[in-house]
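Remarks on the overall topology
These are the residues of each chain, in order.
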Amino acid sequence: MKPARTKTPRKPPVKKGSQTNLKDPVGVYCRVRPLSFSDQECCIEVISNTTVQLHTPEGFRLNRNGDYKETQYSFKQVFGTHTNQKELFDVVANPLVDDLLHGKNGLLFTYGVTGSGKTHTMTGSPGEGGLLPRCLDMIFNSIGMFQAKRYVFKSNDRNSMDIQCEVDALLERQKREALLNPKTPTSKRQADLEFADMITVQEFCKAEEVDEDSVYGVFVSYIEIYNNYIYDLLEEMPFDPIKPKWNSCSTPLRNTEFIPPQSKLLREDKNHNMYVAGCTEVEVKSTEEAFEVFWRGQKKRRIANTHLNRESSRSHSVFNIKLVQAPLDADGDNVLQEKEQIIISQLSLVDLAGSERTNRTKAEGNRLREAGNINQSLMTLRTCMEVLRENQMYGTNKMVPYRDSKLTHLFKNYFDGEGKVRMIVCVNPKAEDYEESLQVMRFAEMTQEVEVARPVDKAICGLTPGRRFRNQARGGPIGDEPMVTDVVFQSFPPLPSCEILDVNDEQTLPRLIEALEKRHQLRQAMIHEFNKQSMTFKAWLQEFDNTVLNKENYIQGKLSDKDKVISGQKLELERLEKKNKTLEYKIEILEKTTTIYEEDKRHLQQELETQNQKLQRQFSDKRRLEARLQGMVTETTMKWEKECERRVAAKQLEMQNKLWVKDEKLKQLKAIVTDPKTDKPERPSRDRDREKVAPRAASPPVPNAPPICARHRRSRSAGGRWVDHKPASSVQTETVMQPHVPRAVTVSVASEKALAKCEKYVLTHQELASDGGMETKLIKGDVYKTRGGGQSVQFTDIETLKQESPTGNRKRRSSTAAPAQPDGTECEWTDVETRCSVAVEMRAGSQLGPGYQHHAQPKRKKP
């Protein structure tokens, strides 16, 4: 008969009134290991059986300015330094094993820093077995006489179990024994001396109530999570000449059969339970056999020598104990071949790698990478606990990041209500681990606030309980009922007394003969009846044999058809498995390629963002430059427009001045020609000259000397506010005509503050002329505001003031004497030659019309 496939029930239908809404908090226990040396400073003190207290070490008090703070943390129970493994097992692991035997899942993991005693708590040491061997011992003590034959249960790759009859199981056992499969150690072997002391448990432990009408099978598996990859520690690596071989230095190996292990994938079955695909599950029948499998995998686990621990675990190890339970049939002889009645429960024992700081472990290279992955997975576990606590306390519905780590993703079902969760926090009381122990305590305190749904009871089959032992005693005597031979003997007539006391006694023998004849007749009748009944029974038996033979032939035909179908399905299944493995290999390659492409994409996106930012800066600079150039162009255009207007106005004014000078000369010549020579010309008054020139925008005629000397020379730049820049080295001239700038701010050094208040600028510059005289230049300009907030000066005009030394006064007087002046002086303007030699110059750009600067002196009269 072929095996029947079954599945792992996630949550069987719960009867009304079951406690589905009840939740239990995560059970957190604390274990304090003893100090390695008695003179070490201790920072952890056990206050009670539920409370520990942390003291700040002396070194930390100095670094924290003498801040001495004591913190207390509470747990479900605290185990001190003198607690043995038996006490810890009875409180923590015993209830989980009892739940396992009743079809409920459980998770137990140890948490703590490196060197805090996690592996010792889980595995134990010689002479003192840990939680793992004690769990195995309790399981086999409870189900020892109820175990199924080997290979009655068979594991498959879909996280479920198949069941087959005892005949098929016997055939498979014979086939496996012929192949000498090393993955299935025999239960009759003696324990290896290397670990014999660990599994020798002096105390006998057994579950109180075990279902006697069921058979049990135990399967174990052992995996490790290293650098966030899952590896099967029980996997036997065969020699593969096709795949390359590499050692730890990434160089090829020659003439060897070692192949690096392949990482496993996490999958979700149809009941949404997480499991490791392709993980090796070994059926075991005793504690010694199970621990031998564990020890074989323990040798493959990755450990390393660090600064803090000589044998530090570099990976998280998970030892799974799967208990399969199936009920017996109604007769109590064979396993019920109904896959719906199979109950699978699992106990996971997790030894977490210790959290560590690299500055203390002095890790580098691979050790540094391992420490980073260990700390990252533990941080993900802490984050999941925080999110669960927040969702339960505040009613939020945040997504728990189980998938961020393989560790949390594998055990997400336990936190969703698939079993009990227990955690043992292992701490080292030495002062050097104070900060790490503080973080561990905070995580443990937060974990106790997380609640997990209470697992429900499994469905029970409806068969009559107690059928195993009742049917075993069916063939033997039941109570004091008489045997069949006794009934037959009682049906014969009693024999008379056979004692003959007298030789002449003739009655005793005849009576005995008569009784024997009756017995003989009765015996013959019974033989006849027996033969008759035998013939009838033989006929019935022959008929039954024929019926059974016909049924067997019919069943054999059906089985042949089923075998063909199953063979075809097996071939198809093998083909699909090969295809699945090929696809998994391709998916792995594609995932690696996708990772590379995503990395390249991320680099290219960063480079693109950098280029975009650079282009944006260049574009902004370009816009600012364009705006600046536009302003400069606008400013230059306005400046040149003003300059052109000024030059045009100056040119017009110069032409008008020239025309005016010519007109004046013509008038003077006309006056000379028309006036009689005998008459001495009178000097025109200033008022009359001004009235004559009033119609034209020209300067008045040359005034007399005294008025000129009394009048300051007005600068051309009279409009607006001025900055009068006179250097400290300027020489004060004693000329009659001095430049006068109204509304001026006089400074010796030009400053930005003075320029900001004015619109015009004039610089007084003095130098020695070629003829030895002093020449003063007034350099004028306009003040403009720059875009940077400063001021600039654009020079627009230069006025020159020149002082000359006269060589003598010559006058040519007219023949006619001029009348005397009232003050007794003679007028120098009566001479024609003098009047004609006077040249009046009008400077361009002056606001007063013709200037008063004389470049020619009157000639002296001949004696």
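Residues numbered from 1 in each chain as written. Predicted model: local features only at pLDDT ≥ 70, side-chain atom pairs only at ≥ 80, totals over all residues. Heavy atoms only, no water.

**Thoughts on the overall build of the chain**
- For the chain, the helix and strand inventory stands at 19 helices and 30 strands.
- Relative to its 863 residues, the chain shows a buried fraction of 37%.
- Across the chain, contacts joining residues at least 24 apart in sequence account for 71% of those joining residues at least 6 apart.
- Put simply, the chain shows about 53,100 Å² of open surface, and 52% of that area lies on carbon and sulfur atoms. (Helix = DSSP H or I, 4+ residues; strand = E, 2+ residues; numbered from the N terminus. Buried < 20%, exposed > 50% of the residue type's maximum accessible area, 1.4 Å probe, protein only. Contact = heavy atoms within 4.5 Å. Areas by Shrake-Rupley, 256 points an atom, 1.4 Å probe, with all protein chains shown as cover.)

**What about a nonpolar patch on the surface?**
- Taken together, Phe 537, Trp 540, Leu 541 and Phe 544 make up a surface patch of nonpolar side chains, about 490 Å² in accessible area.
- The exposure class of Leu 541 is partly exposed, given its relative accessible area of 38%. (Patch = residues over 30% accessible without salt bridge, like charges linked within 9 Å, V, L, I, M, F, W, Y side chains within 5 Å. Salt bridge = Lys/Arg side-chain N within 4 Å of Asp/Glu carboxyl O.)

**Quick word on the side chain of Asp 99**
- Note on placement: Asp 99 falls in helix H2 (residues 85-101).
- For Asp 99, a relative accessible area of 11% corresponds to the buried category.

**Some points on the environment of Glu 208**
- Its place among the elements puts Glu 208 in the loop between helix H6 (196-199) and strand E13 (214-226).
- Glu 208 sits in the exposed class, given a relative accessible area of 80%.
- Taking the C-alpha atoms as reference points, Glu 208 and Ser 142, 66 residues apart in sequence, are found 8.0 Å from one another.

**Focus on the pairing of strand E28 (residues 760-768)**
- Of the pairings in the sheet, the one linking strand E25 (residues 722-725) to E28 comprises 4 bridges and is parallel in character. Considered in E28, the bridge of Asp 724 is made with Val 762.
- Two elements, E28 and strand E29 (residues 774-785), share 9 bridges in a ladder whose sense is antiparallel. Bridging across to E29, Lys 760 finds its partner in Asp 782. (Pairing = 2+ DSSP bridges.)

**Describing helix H7 (residues 287-298)**
- For H7, which comprises 12 residues, the first-to-last C-alpha distance of 16 Å matches the rise-based estimate of 16 Å (1.5 Å per residue) to within 8%.
- When you tally the buried positions in H7, you get 9 out of 12 residues, the bulk of the element.
- Buried within H7 are the following residues: Thr 287, Glu 289, Ala 290, Phe 291, Glu 292, Val 293, Phe 294, Trp 295 and Gly 297. (Expected span 1.5 Å × (residues − 1).)

**Remarks on the sheet that holds strand E4 (residues 44-46)**
- Strand order in the open sheet formed by 3 strands is E4-E5-E6, with antiparallel pairing between adjacent strands. On the outer flanks of this sheet lie E4 and strand E6 (71-74), each paired with one strand and no other. Direction aside, the axes of adjacent strands within the sheet are offset by 25 degrees on average.
- Two strands pair when backbone bridges link them, and strand E5 (residues 51-54) and E6 are joined in this way by 4 bridges, in the antiparallel orientation. When the sheet's bridge partners are listed, Thr 51 is paired in E6 with Ser 74.
- Packing of helix H12 (residues 434-447) onto the sheet brings it into contact with E4, E5 and E6, and relative to E5 it is tilted by some 145 degrees. (Axes fitted to C-alpha atoms, helices over the stretch in contact; angles between N-to-C directions.)

**A closer look at the pattern of salt bridges**
- Within the structure shown, the criterion is met by 29 salt bridges.
- Close ionic contact of Glu 236 with Arg 296 constitutes a salt bridge, the shortest N to O distance being 3.7 Å. Here Glu 236, found in the loop between strand E14 (229-232) and strand E15 (266-268), pairs with Arg 296, found in helix H7; they are 60 residues apart in sequence, far enough to count as distant.
- According to the relative accessible area criterion, Glu 236 is partly exposed, its value standing at 37%.
- We note a salt bridge from Arg 624 to Asp 621, for which the minimum N-O separation is 2.1 Å.

**Some details on the nonpolar core**
- Phe 75, Phe 411 and Met 441 are the most contacted members of the largest nonpolar core, which has 54 residues in total.
- The residues contacting Met 441, other than those within four sequence positions of it, are Cys 30, Ile 44, Val 52, Leu 54, Tyr 73, Phe 75 and Val 427.
- By size, the runner-up hydrophobic cluster in this structure holds 45 residues, among which are Val 92, Leu 132, Met 138 and Tyr 222. (Core = buried A, V, L, I, M, F, W, Y, C linked by side-chain atoms within 4.5 Å.)

**A few points about the packing of aromatic side chains**
- Here the structure, examined in full by the defined rule, presents 9 aromatic pairs.
- Residues Phe 294 and Phe 319 carry aromatic rings whose centres are separated by 5.3 Å and whose planes lie at 85 degrees to one another, so their mutual orientation is edge-to-face. With Phe 294 in helix H7 and Phe 319 in strand E20 (residues 316-327), this pair connects stretches of sequence that are 25 residues apart. The same class applies to Phe 294 as to Phe 319, namely buried. (Phe/Tyr/Trp six-rings, centres within 6.5 Å; stacked < 30°, edge-to-face > 60°.)

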